[in-house]
Amino acid sequence: MKKTNILLTGITGILGRHIFYELLHEYANNKKKGTLIVVIRPKAGQTAYERLRSIVRHRFRPAYLNNYTENELLQYVISIESDIEALDNTHFTTLESYDNLYVIHAAAETDLSNTSTAHEKIFVNNYLASKHLLEWCSPNLYKFIFISTTFSIGHYDPVVYDQYISFDANNHPVLKPILSHRIPYEEFKIKMEQELIQYCQQQEKKWQIIRPSTICGRMLDEPLYYTPEFNVFYLLGKFLLACSSTDIIHRGETFRIESNPTGTMNIVPVDYVAKTIIRAFENDAIDQLNAVSQRQVSVAYLLQSICSYTGVKCELTEHPPLWETMTEAEKQYYEVMAPILSYYLTLPVHQFDTSTLKEIMTDIPDIDVEKGLKDLYAFAYENEFRSL
Ligand SMILES: NC(=O)c1ccc[n+]([C@@H]2O[C@H](COP(=O)([O-])OP(=O)(O)OC[C@H]3O[C@@H](n4cnc5c(N)ncnc54)[C@H](OP(=O)(O)O)[C@@H]3O)[C@@H](O)[C@H]2O)c1
C-alpha cells in the first residue's frame, strides 16, 4: 500500500477535529498507511501536544475509535507547535522526510461580523496565514485541499453548482461576475480560492476546494449531536438563552425575526462534512465540491424550533419591525445579531446540485437535518452552549 502522508490544520476546531478523527480511523484500521502531521498552537496554558492528547482521549470522541488506545492512535500523529503564520524553516524540518504531502487546511477564524476589526483579523489569520502555509509547505506539497465555505460566492442562484470558479481558454481561473460580498470572511475565502489555483498552476501542484454550508453537530456517529463549539448555526439559540437567563425575554413573548418565510437553509452535520472530505481529497476528478446536505431546512421551521426552547413565539417578518415597536430583546437582536444572521435568513429559495457529492457518498446515509433539529438543539441547551 502506498503511503498517504497528510498535514492537517485546525484540529482543535469543529470541523478539523472531525477530519482528524476520520483520518485516525483510516490509519488505525489499516485503510491508509502513513503519517498525520498536525499544526497546533499552544493555548490557555496547554502545549500543542497536551491539546492533541486531550482531543484523542476526549469523552465525546466518536465511538468508532473506542477499539483503540490513546497510544495506538497517537503513533500515527506528529504535531508541530505553531501558529500557522509563524511556520518557518525550523518547523519545515519535520516535513523533510514526507514528500508528496497532502495538506488539508481547515484552520480559520469563523468571524462573520462586518467590522474593521473583523476585516483585519480575517485578513491576517485567514488570508495571509493560508498563503503563508501554502508557500511554506510547497517544496513537499503534492496537493493542497482548501476548506472554504459555500458562501464564498456571495450570492446564490436558484441552483448552486460546485464550479464557482471556471477557466478561460488559457486555463486562468474566472469568477462568476456578480459578487455581492457582505463580510470579510467570505471575501477573503474566494480571494484565497482564486490565489490557491493560480499558485498551484504556477508551481505545478494539485489543488482542491471543498465548501461546507452551515455546520451543525454530529448526526451520524455516536455520541450524537456533539460539536466542540456552538458556533454559527447555534448563534440564535445562544442569544435567546442569554436573553432568557437575564430576564430580557419572557415565555409567551412574541419575537419578530427578519427572514424569508418561504426560504430554506442548508445545514450540514460536521461528521457528514468530514466524511465528504475523506472521500474527496484523493480524488483528482474533483476540483471544487460543495459539502452540503442533500435536503434543505425550512427557515420557518428552523426559527420556530429554536425559539420554542425559550418558550418564545417566533414571527417571521420580511422587514425588521419599527424600532419604537420593538421589545427589549428585539432591540438587542437587531443591534447585535441581525447584522450577521439576516442575510442567511432572507436568502432566496435555492437548491444545491449534489450530483458529484452523491457519487462519492454512496455508503453514507442521507441525513434529514430538519427531523433532527430538535435533538441537536436539545443537546446544545443541555450543555448551555458551552465549549465542550
Ligand atoms: N462552522 C461552520 O459552520 C463552517 C461553515 C462553512 C465553512 N467553515 C470552514 O470550515 C473550516 C473550519 O471551521 P470551524 O468552524 O471548524 O472553525 P473553528 O471551530 O473556529 O476552529 C478553527 C480552528 O482553526 C485554528 N486556527 C485558527 N487560526 C489559526 C492560526 N492562525 N494558527 C493555527 N491555528 C489556527 C483554531 O485553533 P485554536 O483552537 O488554537 O484557536 C481551530 O483549531 C474553516 O475554514 C471555516 O471557514 C465552517
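Described in the following lines is the structure provided in the data block. As the structure is a computational prediction, the values presented were derived from the model and not from experiment. (Residues numbered from 1 in each chain as written. Predicted model: local features only at pLDDT ≥ 70, side-chain atom pairs only at ≥ 80, totals over all residues. Heavy atoms only, no water.)

**Section: the environment of F167**
Position of F167 among the secondary structure elements: in strand β7 (residues 165-167). For the pair F167 and Y76, spaced 91 residues apart in sequence, the C-alpha separation works out to 38 Å. F167 has contacts with H172, P173, V174, I197, Q201, W207, D287 and Q288, leaving out every residue within four places of it along the chain. (Helix = DSSP H or I, 4+ residues; strand = E, 2+ residues; numbered from the N terminus. Contact = heavy atoms within 4.5 Å.)

**What to know about the packing of aromatic side chains**
This model, assessed by the stated rule, comprises 28 aromatic pairs. Judged by centre distance (6.2 Å) and plane angle (40 degrees), the ring pair of F167 and W207 falls under tilted. Here W207 lies in strand β9 (residues 206-212) and F167 lies in strand β7, a separation of 40 residues in the sequence. With a relative accessible area of 29%, F167 lands in the partly exposed category. Three or more aromatic residues joined by ring pairs make a cluster, and in this case those are F60, Y226, F230, F233, Y234, Y309, Y377, F379, Y381 and F385. The side chain of R211 reaches across the aromatic face of Y164, ending 3.8 Å from its centre. (Phe/Tyr/Trp six-rings, centres within 6.5 Å; stacked < 30°, edge-to-face > 60°. Buried < 20%, exposed > 50% of the residue type's maximum accessible area, 1.4 Å probe, protein only. Lys NZ or Arg CZ within 6 Å of the ring centre and 35° of its normal.)

**Let's talk about the packing of helix α7 (residues 235-245) against helix α9 (residues 299-308)**
Running from amino to carboxyl end, α7 crosses α9 at an angle of 30 degrees, the nearest separation of the two axes being 9 Å. As judged from the angle between their axes, α7 and α9 are roughly parallel. The hand of the α7/α9 crossing is right-handed. Along the contact surface, α7 presents L236, G237 and L240, while α9 presents L303, I306 and C307. Considering only residue class, the contact of α7 with α9 consists of 5 nonpolar, 1 polar and no charged. (Axes fitted to C-alpha atoms, helices over the stretch in contact; angles between N-to-C directions. Parallel < 35°, antiparallel > 145°, perpendicular 65-115°, else oblique. Left-handed = near helix turned anticlockwise from the far one by under 90°. Nonpolar A, V, L, I, M, F, W, Y, C, P; charged D, E, K, R; others polar.)

Everything listed here is a matter of coordinates, which is why it stays silent on function.
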